[in-house]
Amino acid sequence: GGVWMDWLAAVGLLALGAWLGSLVFPPRPRKGVPSPPGLVGALAALVPCVALPRIQWLGGARRSPSEPSASARHLAIIMDGNRRYGRARYKDALKGHWDGGQTLVDTVKWCMEEGLESLTVYAFSTENWKRETKEVDVLMTIFCKYAERCQREAMEKNIRICVFSTDRDRLPASVVHSIDQMETSTSANSGFRLNLCVSYGARSDLVQACQSISRSVEEKELQVEDINEDLLAARLTTAGLPEPDILLRTSGECRLSNFLLFELAYTELFFLDKFWPELKKQDLLDVLQEYERRQRRFGT
């Protein structure tokens, strides 16, 4: 049906052009021959009325709802629901974190297969330090274990790993060592980029960026008038990273939880009613397909 409507719209536009042309340059009337403007004009009036929704004006300022957006480049994920999954499946909340680690490994592979360039995940927030010591210790152990595996696979697949942290001093020495190893060994890789937010909080990131700018002003390196959005972005831990096209949060919760608050201003948000360890590739494909159906206007 869509193809026929496109053809109908094209015929209508041609007829409309012919009608307008006949008004400017009217043909010489012939005896016994109907006046073309009346016939063509009727066609011009009727056809576009039927097919107008299918007409896409030159210039591309507007797009029909069925026209896809550009493909996503950067996906951000709040990996939520590990504990609830662990309780439901194993009667042990902490076991859910181990399955969640494997889901992250799988998700990196799926993103690369679908042509994404970057994945940024919320691995451990500054607020997570408030959890019980036993759970925090398990999370740090899991991080170190998967860090070794991620480092090996990153070298094989040309993946660069970066870790964003606004409170690195609280991390155990073993975790800091794993972070340094991953970042250093993969720093020259130029393919896919995996960003891990560990001991990270967006509000702290903004505060630290403001403190950095204030020091620059105090030391006469900047004028107050020099401060703008680009300068603030350049002082964040995520400096140089393209803003996420998509934010996906699992577990059915619909909030940002202090994650990339500055960077997500125009990101498309998706909330999946499924625990993080339950995520499948088809879920990611569904999100990417829905993203391509959305219209990103950026305030215009």
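These numbers come from a predicted model, not from an experiment.

## A short note on the packing of helix 4 (residues 95–113) against helix 5 (residues 133–157)
Part 1 of the argument: Where helix 4 meets helix 5, the axes come as close as 10 Å, and the angle between the chain directions of the two elements is 25°. Relative to helix 5, helix 4 is oriented roughly parallel. Of the two possible hands of crossing, helix 4 and helix 5 adopt the one that is right-handed. Packed against helix 4, whose contacting residues are His97, Trp98, Gly101, Gln102, Val105 and Met112, the element helix 5 presents Glu135, Val138, Leu139, Thr141, Ile142, Lys145, Tyr146, Arg149, Glu153 and Lys157 at the interface.
Part 2 of the argument: In the contact of helix 4 with helix 5, the residues fall into seven nonpolar, four polar and five charged.

## As for the nonpolar core
Part 1 of the argument: In this structure, Leu75, Leu119 and Leu196 are the most contacted members of the largest nonpolar core, which totals 41 residues.
Part 2 of the argument: Tallying contributions element by element places helix 5 first for this core, with eight residues.
Part 3 of the argument: With residues near it in sequence (within four places) discarded, leucine 196 still touches Leu104, Val121, Phe143, Ile161, Cys162, Val163, Phe164 and Met182.
Part 4 of the argument: Membership of the second largest hydrophobic core comes to 13 residues, among which are Cys162, Ala202, Leu241 and Phe259.

## A short note on helix 3 (residues 82–90)
Part 1 of the argument: When helix 3 is considered as a whole, its buried residues turn out to be Asn82, Tyr85 and Gly86. Angularly, the buried residues of helix 3 cover 100° about the axis, an arc narrow enough to put them on a single face.
Part 2 of the argument: Close packing links the buried residues of helix 3 with helix 4.
Part 3 of the argument: Taken from the residues just after helix 3, lysine 91 is the one with a positive phi, measuring 60°.

## With respect to helix 6 (residues 173–186)
Part 1 of the argument: Counted at 1.5 Å a residue, the expected span for helix 6 with its 14 residues is 20 Å, and the 20 Å between its end C-alpha atoms agrees.
Part 2 of the argument: Along helix 6, the residues that are buried comprise Val175, Ser178, Ile179, Met182 and Thr186. Down the axis, helix 6 shows its buried residues gathered within 100° of arc, on one side only. Away from the buried face of helix 6 by more than 90 degrees, exposed residues Ala173 and Thr184 are located.
Part 3 of the argument: In this fold, the buried residues of helix 6 make contact with helix 5, strand 3 (160–164) and strand 4 (193–200).

## Section: the environment of histidine 97
Part 1 of the argument: Residue position: histidine 97 is located in helix 4.
Part 2 of the argument: With relative accessibility at 7%, the residue histidine 97 sits in the buried group.
Part 3 of the argument: Sequence separation between histidine 97 and arginine 83 is 14 residues; the distance between their C-alpha atoms is 6.8 Å.
Part 4 of the argument: Apart from the residues lying within four places of it in its own chain, the contact partners of histidine 97 are Asn82, Arg83, Arg131, Glu135, Leu139 and Ile142.
Part 5 of the argument: Of the polar contacts made by the side chain of histidine 97, one reaches the side chain of glutamate 135; its length is 3.0 Å.

## Observations concerning the confidence of the model for the protein chain
Any residue range with low pLDDT should be treated as having predicted coordinates unsuitable for detailed reading.
Part 1 of the argument: Scored by pLDDT, the protein chain has a mean of 85; 77% of the residues are at 70 or more.
Part 2 of the argument: Note on residues 1–5: pLDDT is under 50 here. Beyond four places in sequence and across chains, it has four contacts.
Part 3 of the argument: Here residues 39–68 is modelled with pLDDT under 50, and outside its nearest four sequence neighbours on either side it reaches 38 contacts, counting other chains as well.

Thresholds applied
Residues numbered from 1 in each chain as written. Predicted model: local features only at pLDDT ≥ 70, side-chain atom pairs only at ≥ 80, totals over all residues. Heavy atoms only, no water. Axes fitted to C-alpha atoms, helices over the stretch in contact; angles between N-to-C directions. Helix = DSSP H or I, 4+ residues; strand = E, 2+ residues; numbered from the N terminus. Parallel < 35°, antiparallel > 145°, perpendicular 65-115°, else oblique. Left-handed = near helix turned anticlockwise from the far one by under 90°. Contact = heavy atoms within 4.5 Å. Nonpolar A, V, L, I, M, F, W, Y, C, P; charged D, E, K, R; others polar. Core = buried A, V, L, I, M, F, W, Y, C linked by side-chain atoms within 4.5 Å. Buried < 20%, exposed > 50% of the residue type's maximum accessible area, 1.4 Å probe, protein only. Arc of directions from axis to C-beta. Expected span 1.5 Å × (residues − 1). Polar contact = N/O pair within 3.5 Å; in protein donor to acceptor, adjacent residues only side chain to side chain. pLDDT = per-residue confidence, 0-100.

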